[in-house]
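Residue strings, one per chain:
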Amino acid sequence: MALYSETVMDHFRNPRNAGVIEDADGIGEAGNAVCGDIMRIYLKIQDGVIADVKFETFGCGSAIASSSMATELIRGKPLSEALRLSNKAVTEALDGLPPHKLHCSVLAEEAIRAAVKDYYDRQGISYDPGNFPDRGSCGGCHG
Ligand code: FES
């Protein structure tokens, strides 16, 4: 069996939504201290909905595929839905990742949350910090 699903390979080779939004309404970054990979998410928000989303990922193929899939999953969705996006949902949408690559999908979850938080902070919108659990780096799961 191939190590990576066809979906992972497709999103790695043809990443969707790669790039920068110059006038982004929210920017979030997440990194993994162990591998040193970094993911940055840019959001454009209209009426509480993610009108546009782009990513820059300096990292492995799984991180690029996770960024691509995660941005596809939240594009056009309300912020509340983006906040609920889990790395598990990203992994499932990619038809799985090898166990030692699951931490790569965590970067997408964390970077999106950080971008939404940045948007709320810029707008002065109060939010429940409990919605933004600080999971710290995922260094421990890098196996
Ligand atoms: Fe670092 Fe994938 S995010 S190895």
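In this text the structure is predicted, and so the values were computed from the model without any measurement.

Peer 1: I tried to follow the packing of aromatic side chains on my own but got confused; where do I start?
Peer 2: Aromatic rings in a pair are described by how distant their centres are and how their planes are angled relative to each other. For the structure shown, the criterion picks out one aromatic pair. Relative to tyrosine 120, the ring of tyrosine 119 lies with its centre 5.9 Å away and its plane at 45 degrees, an arrangement referred to as tilted. Each member of the pair, tyrosine 119 as well as tyrosine 120, is classed as buried.

Peer 1: Can you help me understand the side chain of aspartate 37 in this one?
Peer 2: As for its position among the elements, aspartate 37 is in the loop between strand 1 (26–31) and strand 2 (38–46). This buried residue, aspartate 37, is left without a salt bridge; lysine 101 holds the nearest opposite charge, at 6.1 Å. Within the structure, aspartate 37 has its side chain in polar contact with the backbone nitrogen of cysteine 60 (distance 3.2 Å). For aspartate 37, the contacting residues outside a window of four places in its chain are Ala30, Gly31, Asn32, Phe58, Gly59, Cys60 and Leu107.

Peer 1: Would you explain the pairing of strand 2 in this entry?
Peer 2: Consecutive side chains of a regular strand alternate in pointing toward one face of the sheet and then the other. Relative to strand 2, strand 1 runs antiparallel, the two sharing six bridges. Paired with isoleucine 27 across the strands is tyrosine 42, a residue of strand 2. The turn joining strand 1 and strand 2, which pair antiparallel and follow one another in sequence, is formed by six residues; a positive phi near 85 degrees is taken by glycine 36. As judged from the nine bridges shared by strand 2 and strand 3 (residues 49–58), these two strands associate in the antiparallel manner. From the neighbouring strand, tyrosine 42 faces strand 3, where its bridge partner is lysine 54.

Peer 1: I would appreciate a short explanation of the environment of aspartate 23 in the present structure.
Peer 2: Relative to the helices and strands, aspartate 23 resides in the loop between helix 1 (6–13) and strand 1. Aspartate 23 gets classed as exposed once you look at its relative accessible area, which sits at 51%. A sequence separation of 21 residues divides aspartate 23 from lysine 44, and the C-alpha atoms of the two residues are 7.8 Å apart.

Peer 1: Whenever I open this one, the packing of helix 1 against helix 2 (residues 61–74) confuses me. Can you help?
Peer 2: Helices that pack against each other are described as a pair by the angle of their axes relative to one another and the distance between those axes. Across the interface, helix 1 lies against helix 2 with an axial gap of 8 Å and an inter-helix angle of 90 degrees. For the element pair helix 1 / helix 2, the angle class is roughly perpendicular. Of the residues in helix 2, those in contact with Thr7, Val8, His11 and Phe12 of helix 1 are Gly61, Ile64, Ala65, Ser68, Met69 and Glu72. Across the contact of helix 1 with helix 2, the residue classes tally to five nonpolar, four polar and one charged.

Peer 1: Which parts of the structure should I look at to understand the pattern of salt bridges?
Peer 2: Pairing between side chains of opposite charge can happen when their charged atoms approach one another. Applying the stated criterion to the full structure yields 11 salt bridges. Where glutamate 109 meets arginine 113, a salt bridge forms, and the shortest distance between an N and an O atom there is 3.1 Å. With glutamate 109 and arginine 113 both in helix 5 (residues 102–123), this residue pair falls four residues apart, about one helical turn. The buried category is assigned to arginine 113, whose relative accessible area is 14%. Residue lysine 117 pairs with aspartate 121 through a salt bridge whose shortest N-O separation is 3.2 Å. Pair noted here: lysine 117 and aspartate 121 are both in helix 5, with a separation of four residues, about one helical turn. Exposure remark for lysine 117: the relative accessible area of 33% places this residue in the partly exposed category. When salt bridges with common partners are traced through the structure, they connect Asp23, Asp25 and Lys44 into a single cluster.

Peer 1: Can you help me understand the environment of valine 90 in this one?
Peer 2: Within the element layout of this structure, valine 90 appears in helix 4 (residues 87–93). In sequence terms valine 90 and serine 67 are 23 residues apart; their C-alpha atoms lie 8.8 Å from each other. Beyond its immediate chain neighbours, meaning those up to four positions away, valine 90 contacts Ser66, Met69, Ala70, Leu73, Leu85 and Ser105.

Analysis parameters
Residues numbered from 1 in each chain as written. Predicted model: local features only at pLDDT ≥ 70, side-chain atom pairs only at ≥ 80, totals over all residues. Heavy atoms only, no water. Phe/Tyr/Trp six-rings, centres within 6.5 Å; stacked < 30°, edge-to-face > 60°. Buried < 20%, exposed > 50% of the residue type's maximum accessible area, 1.4 Å probe, protein only. Helix = DSSP H or I, 4+ residues; strand = E, 2+ residues; numbered from the N terminus. Lys, Arg positive; Asp, Glu negative; His and termini not counted. Salt bridge = Lys/Arg side-chain N within 4 Å of Asp/Glu carboxyl O. Polar contact = N/O pair within 3.5 Å; in protein donor to acceptor, adjacent residues only side chain to side chain. Contact = heavy atoms within 4.5 Å. Pairing = 2+ DSSP bridges. Axes fitted to C-alpha atoms, helices over the stretch in contact; angles between N-to-C directions. Parallel < 35°, antiparallel > 145°, perpendicular 65-115°, else oblique. Nonpolar A, V, L, I, M, F, W, Y, C, P; charged D, E, K, R; others polar.

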